[in-house]
Amino acid sequence: MKALIHVQHLLGTGHVVRAAALARALAARDVETVLVSGNRVPPTVDTTSFETVELPAARAADDHFSGLVDEGGRPVDDAWKARRRGELLTRLGAVAPDILVTETWPFGRNAFAFEMEPFLEAARAMTPRPVIASSIRDILVRKEDAKKEARMAARARASCDLVLVHGDPAFARLEDSFPPAGEIADLVRYTGYIHTGADTPAPPAGHGENEVIVSCGGGAVGTALLETALVARALSRAAGDLRWRVLVGTDLDDRVLTDLQTRAGDGIVVERARRDFPGLLTRARLSVSQSGYNTVVDVLSAGCAAVFVPFARGSETEQTQRAEALEARGLAAVVPEAGLTPERLAAGIDRAMALPRTTLTLDRDGAAASAEFLIHAALQMKRETA
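In this report, the structure presented in the accompanying data block is examined. Each chain carries its own residue numbering, running from 1 in the written order of its sequence. Note on the predicted model: pLDDT of at least 70 is required for a residue's local features to be given, and 80 or more for side-chain atom pairs to be given and counted; whole-chain, interface and lining totals, by contrast, use all residues. The basis for every side-chain value is the complete set of heavy atoms in the structure, and neither hydrogens nor water enter the calculation.

**Focus: the overall build of the protein**
- Segments assigned H or I by DSSP are reported as helices when at least four residues long, segments assigned E as strands when at least two residues long, and all are numbered from the N terminus. For the protein, the helix and strand inventory stands at eleven helices and 15 strands.
- Throughout, the radius of gyration refers to the C-alpha atoms, and the reference size of a globule is 2.2 Å times the residue count to the power 0.38. Here the protein has a C-alpha radius of gyration of 21 Å; the compact-globule value for 386 residues is 21 Å, and the two agree.
- Judged by the C-alpha coordinates and their principal axes, the protein covers about 65 × 45 × 45 Å.
- For the protein, with 386 residues in total, the buried portion stands at 54%.
- At a minimum sequence separation of 6, the contacts of the protein that also span at least 24 residues come to 75%.
- Shrake-Rupley sampling with a 1.4 Å probe provides the accessible areas, and residues are treated as covered by the protein chains on show and by no other component. Entry remark: accessible area of the protein is about 15900 Å², with carbon and sulfur atoms responsible for 50%. When a residue's accessible area, from a 1.4 Å probe over protein chains only, is under 20% of the maximum for its type it is buried; when over 50% it is exposed; and in between it is partly exposed. Pairs of residues are marked as contacts when any of their non-hydrogen atoms sit within 4.5 Å.

Pasting the structure below:
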């Protein structure tokens, strides 16, 4: 059996981290898996058990998602789109998958309709055709225009056999962030959260022990949070005497890393984001981070105190909704990104350190469950078309 997973990340790396975890789970079930990425796969992602194909890279022009640029920072044009669409369709034909997974589409990435619509049209025309599934987070970004959400539901109905929601309905249901969820309820399968911590190495002895871990994911945003944290340490009553470890995303420029290292005072270690990040959290006193999907799952799995500063620029709502739901359960302190200052961050840290240690029991076996859903659906389709 063969699988093709398509993923496109624009700023953060959570999408490709999650897609790679699904690829590893399929490969562990002896499914020959190809991950096709529309951007560069970060070096922290384990890709040893499956094939990786990188299309001509595209990313967001800025943190407000104002447009698409290529790897050199140039706006993409029609010729670039045609070339990339052709490469994607060629790869589909070469793999001839039994399972096809699109990460986020059609629930986002509308700027890539130029390739995704013909891609899925071609997949549905194949004989035999693959099972087609959309892979989405627990919480979707809300759209101000209800017609856009209705169009997403219609696209899912027209092109997908399954919608894999990587969450636990005990915490968040799809309809909480996607009102037309009822229109595709028969396609939806809750897989549980995809937790990649078990796939990462243990940190060296002493690293993370009783530390404050400050992170911004692996993507190209979060510099302001890291800069603010450097100053906030001296202002925190509860955590100012702890060692702080500041992790700089792999997509942030080397100049950002060097500048933060130069400005860091005693008691602060500044280094690149690490594959053993989940292990650092299990030893830490506190995590300070944005509230992206993968980071939140790592923090909840580790059980450490947490401060979340949700990424909320442009029309982004997903991280704020997730962070506020955790704060309402007494699991974290939230400091809004707008108006972030060292004083406000230090106050949030002190609130988080004072919270009673509580846990939230969630299904976190989402990669294996997703693989099971996909393989079962592919086998069923083979029986029905035999």
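**Some thoughts on the side chain of Ser177**
- Note on placement: Ser177 falls in the loop between β8 (162–166) and β9 (188–190).
- Each residue touching Ser177, except ones within four places of it in the same chain, is listed here: Asp138, Ile139, Leu140, Arg142, Glu149 and Gln321.

**Let's talk about the packing of helix α5 (residues 223–232) against helix α10 (residues 342–354)**
- For the pair α5 and α10, interaxial distance at closest approach is 8 Å and the crossing angle is 75 degrees. With respect to α10, the element α5 is oriented roughly perpendicular. Packed against α5, whose contacting residues are Leu225, Thr228, Ala229, Val231 and Ala232, the element α10 presents Pro342, Leu345 and Ala346 at the interface.
- Each residue receives one of three labels: charged for Asp, Glu, Lys and Arg, nonpolar for Ala, Val, Leu, Ile, Met, Phe, Trp, Tyr, Cys and Pro, and polar for the others, Gly being one of them. Tallied by class, residues from the contact of α5 with α10 come to seven nonpolar, one polar and no charged. In this analysis an axis means a line fitted to C-alpha atoms, helices contributing only their contacting stretch, and an angle means the value between N-to-C directions, from 0 to 180 degrees. Note that the term roughly parallel is reserved for angles under 35 degrees, roughly antiparallel for angles over 145, roughly perpendicular for angles of 65 to 115, and oblique for everything else.

**With respect to the pairing of strand β6 (residues 99–103)**
- Across the five residues that make up β6, a large majority, five, are buried.
- On β6, burial covers both faces: Ile99, Val101 and Glu103 on one face and Leu100 and Thr102 on the other are all buried.
- Whether two strands pair comes down to DSSP finding at least two bridges between them. Pairing analysis gives four bridges linking strand β1 (residues 2–7) to β6, with the strands arranged parallel. Paired with Leu4 across the strands is Leu100, a residue of β6.
- Of the pairings in the sheet, the one linking β6 to strand β7 (residues 131–137) comprises five bridges and is parallel in character. By the bridge assignment, Glu103 is partnered in β7 with Ser135.
- Assignment of crossover handedness uses the view with strands pointing away from the viewer, where a clockwise path from the first strand over the helix to the second indicates a right-handed crossover. Handedness of the crossover joining β6 and β7 through helix α3 (residues 113–125): right-handed.

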